[in-house]
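Observations on the three-dimensional arrangement
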Amino acid sequence: MGKIEIGKGTRQGCPLSPLLFIFTLEPLLKEIRRNQGIKGLKVRSEEYKIQAYADDLVFIVEDLLDSGKNLLQEIESYGRVAGFRINKDKMKIITKNMARNRWSELERELGLQVTKRIKYLGIWMSSKNTSIMADNYTKLLAQIKTDLEKWEHLQLSLLGRIATIKTHVLPKWNYLFQTAPARLDSGFFKWLDSYVRKFVWQKKKPQIKLKMLQEAPCRGGFGLPKWEFYYQVANLTWIRDWILLNRKRILTLEGYDLCQGWHHFLWRERGKKCGYFKRHYLRRILLESWERVRNRYYSMFPIWFDPLEAVTHSALYNKEISLTYQDLLDPQGELKTCEELMNQGKKVDWWASAQIQSRVRRDKGKEGIYRSLQELDNILLRIEKKLLSRCYQLLVSRWIGEDDLKTS
């Protein structure tokens, strides 16, 4: 095949441009994944080398000196063919568990700067998870406060000010909540509410209760964001992977040290500690958020719960033989026989059958088992689009309903 002559490019901002770039970059990514001289992070059977979003690339490598040199050679050889050049001034290295006296050696050998943190897709990252709060949340809170102070003299109506919060402030927080979870207490949301309230009322005495402002417009409210619920909903998008168990690479990375299944921790006995699970920074944040949602929306075991997955080592679990309570129980809530399960295409050996029977007896006796999908289940398990907004609407409606019930 001869050379392809380029006759016309794409216009600035054309949506075809990033798609074409992705097509041309994919051969490089495949070569890096195949290159045995570039050692990525290995967790069980999975290897993690690259995270790519258009031309924003993150490489995860071990043996930095050797793997780093091979990686740069691979990129340079691709560049000679595709006309793709590396801007080493923009390339940074973050090290983990490496003494600082070796940083100068890395910089000298690779020609790249070693730094404590980098910004990737708008999120500041470092080798310590504990810095996420200070590097991202605290800075964004200060930025929002400054922006609201600049906008407070704009001639806007009450609805205009609420619309400003929803269009200019809410997307920033939603993005941060979803991409970099952090442990946030009620005080954080109170600070955020206070800044927003000052902007909405122009530092005057509020004329409408905050709860009424945060109520949905269809119920007579104004739709001002309830920040804590958006935070919980963003965490639910991560928890959803623990429920569905479909994204193997993500679950392997997050659960590399689990001795039991994800459903065991999602539905552990109330008050029972799980220290090693919570030692993981991300898992602790998500589990604590999930427990608040669980206590509010579930009084019994959901039918998506998989009793075998809960007692099986995460490295040994096979998604293809998944048996949830929806598969195991008949419409009357009784355990199906092995023959009935075989007719469904579910193979159950004697040991698995004994484990299931024991677990069903225990769960029925302690909390009980739902016989159908609950409202939150229908959203988490069946909806792909507008997941955040649907979950948020449910949380707000339940919150308002509970307070109305208390009042009555």
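The shown structure was predicted, so the numbers you read here are calculated from the model rather than taken from an experiment. (Residues numbered from 1 in each chain as written. Predicted model: local features only at pLDDT ≥ 70, side-chain atom pairs only at ≥ 80, totals over all residues. Heavy atoms only, no water.)

Side note on the nonpolar core
Ranked by size, the top nonpolar core spans 84 residues in total, and within it Tyr137, Trp173, Phe177, Trp227, Trp290, Tyr325 and Leu376 carry the most contacts. Residues lining this core come from more than one domain, with at least three contributed by each of domain 2 (130-225) and domain 3 (231-381). Not counting residues within four places of it along the chain, the set of residues in contact with Trp173 comprises Tyr137, Leu140, Leu141, Ile144, Phe188, Leu192 and Trp227. (Core = buried A, V, L, I, M, F, W, Y, C linked by side-chain atoms within 4.5 Å. Buried < 20%, exposed > 50% of the residue type's maximum accessible area, 1.4 Å probe, protein only. Domains from an automatic or database assignment. Contact = heavy atoms within 4.5 Å.)

A few points about the confidence of the model for the protein chain
When pLDDT is averaged along the protein chain, the result is 88; 95% of the residues meet or exceed 70. When mean pLDDT is compared element by element in the protein chain, helix H5 (residues 158-179) scores highest at 95, while helix H18 (residues 387-407) scores lowest at 74. Across residues 404-408 the pLDDT falls below 50, and counting only partners more than four positions away or on other chains, this stretch makes one contact in the model. (pLDDT = per-residue confidence, 0-100. Helix = DSSP H or I, 4+ residues; strand = E, 2+ residues; numbered from the N terminus.)

Topic: the packing of helix H4 (residues 132-151) against helix H6 (residues 186-200)
Running from N to C, H4 and H6 point in directions that differ by 15 degrees, and their axes come no closer than 9 Å. Comparing their axes, H6 and H4 come out roughly parallel. Of the two possible hands of crossing, H4 and H6 adopt the one that is left-handed. On H6, the residues touching Met133, Tyr137, Leu141, Lys145, Leu148 and Trp151 of H4 are Phe188, Trp191, Leu192, Tyr195, Val196 and Phe199. A breakdown of the residues in the contact of H4 with H6 according to their chemical character gives 11 nonpolar, no polar and one charged. (Axes fitted to C-alpha atoms, helices over the stretch in contact; angles between N-to-C directions. Parallel < 35°, antiparallel > 145°, perpendicular 65-115°, else oblique. Left-handed = near helix turned anticlockwise from the far one by under 90°. Nonpolar A, V, L, I, M, F, W, Y, C, P; charged D, E, K, R; others polar.)

Comments concerning the pairing of strand S4 (residues 56-59)
Sheet analysis places strand S3 (residues 50-53) next to S4, joined by four bridges and oriented antiparallel. Bridge pairing links Ala52 to Leu57 in S4. Counted between consecutive antiparallel strands, the loop separating S3 from S4 contains two residues, among which Ala54 sits at a positive phi close to 55 degrees. (Pairing = 2+ DSSP bridges.)

Points about a positive patch on the surface
A cluster of basic side chains, namely Lys96, Arg100, Lys116 and Lys128, defines a positive patch on the protein surface. Checked against the element boundaries, Lys128 lands in the loop between strand S8 (123-126) and H4. Judged by its relative accessible area of 57%, Lys128 falls in the exposed class. (Patch = residues over 30% accessible without salt bridge, like charges linked within 9 Å, V, L, I, M, F, W, Y side chains within 5 Å. Areas by Shrake-Rupley, 256 points an atom, 1.4 Å probe, with all protein chains shown as cover. Salt bridge = Lys/Arg side-chain N within 4 Å of Asp/Glu carboxyl O. Lys, Arg positive; Asp, Glu negative; His and termini not counted. Charge placed at Lys NZ, Arg CZ, Asp CG, Glu CD.)

Regarding the domain arrangement of the protein chain
The assigned domain composition of the protein chain is domain 1 (16-115), domain 2 (130-225) and domain 3 (231-381). Each of domain 1 and domain 2 has a C-alpha centre, and the two are 38 Å apart.

Quick notes on the packing of aromatic side chains
Scanning all chains against the criterion turns up 26 aromatic pairs. Ring geometry for Trp151 versus Phe199: centroids 6.5 Å apart, planes at 70 degrees, classification edge-to-face. Remark: Phe199 occurs in helix H6 and Trp151 occurs in helix H4; sequence separation between them is 48 residues. Under the relative-accessibility criterion, Phe199 is labelled buried at 1%. Pairwise contacts between aromatic rings join Trp267, Trp290, Tyr298, Phe301, Trp304, Phe305, Tyr325 and Tyr370 into one cluster. Lying over the aromatic face of Trp124, Lys139 brings its terminal NZ or CZ to 5.5 Å of the ring centre. (Phe/Tyr/Trp six-rings, centres within 6.5 Å; stacked < 30°, edge-to-face > 60°. Lys NZ or Arg CZ within 6 Å of the ring centre and 35° of its normal.)

Focus on the side chain of Lys226
With respect to the helices and strands, Lys226 occurs in the loop between helix H7 (210-214) and helix H8 (227-244). Buried and without a salt bridge, Lys226 has Glu228 as its closest oppositely charged side chain, separated by 4.7 Å. When residues no more than four places from it in sequence are discounted, the contact partners of Lys226 are Gln214, Tyr392 and Trp399.

Focus: the pairing of strand S7 (residues 117-120)
A one-sided burial pattern is seen for S7, the buried positions being Ile118 and Tyr120 and the unburied ones Arg117 and Lys119. Where S7 folds back on S8, the antiparallel hairpin that results is connected by two residues, among which Leu121 adopts a positive phi of roughly 55 degrees.

Notes on the side chain of Thr164
Position of Thr164 relative to the elements: it lies in helix H5. Its relative accessible area of 13% is what places Thr164 among the buried residues. A polar contact is formed between the side chain of Thr164 and the backbone oxygen of Gly160, at a distance of 2.8 Å. Apart from the residues lying within four places of it in its own chain, the contact partners of Thr164 are Trp151, Leu156, Val169 and Phe199. (Polar contact = N/O pair within 3.5 Å; in protein donor to acceptor, adjacent residues only side chain to side chain.)

Some remarks on helix H17 (residues 375-382)
Among all positions in H17, only Leu376, Asp377, Ile379 and Leu380 are buried. Looking straight down H17, one finds that the buried residues subtend no more than 165 degrees of arc, so they occupy a single side. Exposed and oriented more than 90 degrees from the buried face of H17 are Glu375 and Arg382. (Arc of directions from axis to C-beta.)

Let's talk about a nonpolar patch on the surface
Nonpolar side chains collect at one region of the surface, where Leu16, Leu19, Leu20, Ile22 and Phe23 lie side by side and expose about 490 Å² of accessible area between them. Its location among the elements puts Leu19 in helix H1 (residues 16-34). We classify Leu19 as partly exposed; its relative accessible area is 46%.

Brief notes about the pattern of salt bridges
Applying the stated criterion across every chain yields a total of 18 salt bridges. For Asp241, the salt bridge goes to Arg247, with nearest N and O atoms at 3.3 Å. Where Asp257 meets Arg283, a salt bridge forms, and the shortest distance between an N and an O atom there is 2.8 Å. Of this pair, Asp257 sits in the loop between helix H9 (248-254) and helix H10 (262-266) while Arg283 sits in helix H12 (residues 281-297), and the two are 26 residues apart along the sequence. Salt bridges sharing partners connect three or more residues here, namely Arg183, Arg284 and Glu288.

Observations regarding helix H3 (residues 103-110)
Regarding H3, the residues found buried are Trp103, Leu106 and Leu110. Looking straight down H3, one finds that the buried residues subtend no more than 60 degrees of arc, so they occupy a single side. For H3, the elements touching its buried residues are helix H2 (64-82), strand S5 (92-93) and strand S6 (113-114). Just past H3, the residue Gly111 takes up positive phi, approximately 70 degrees.

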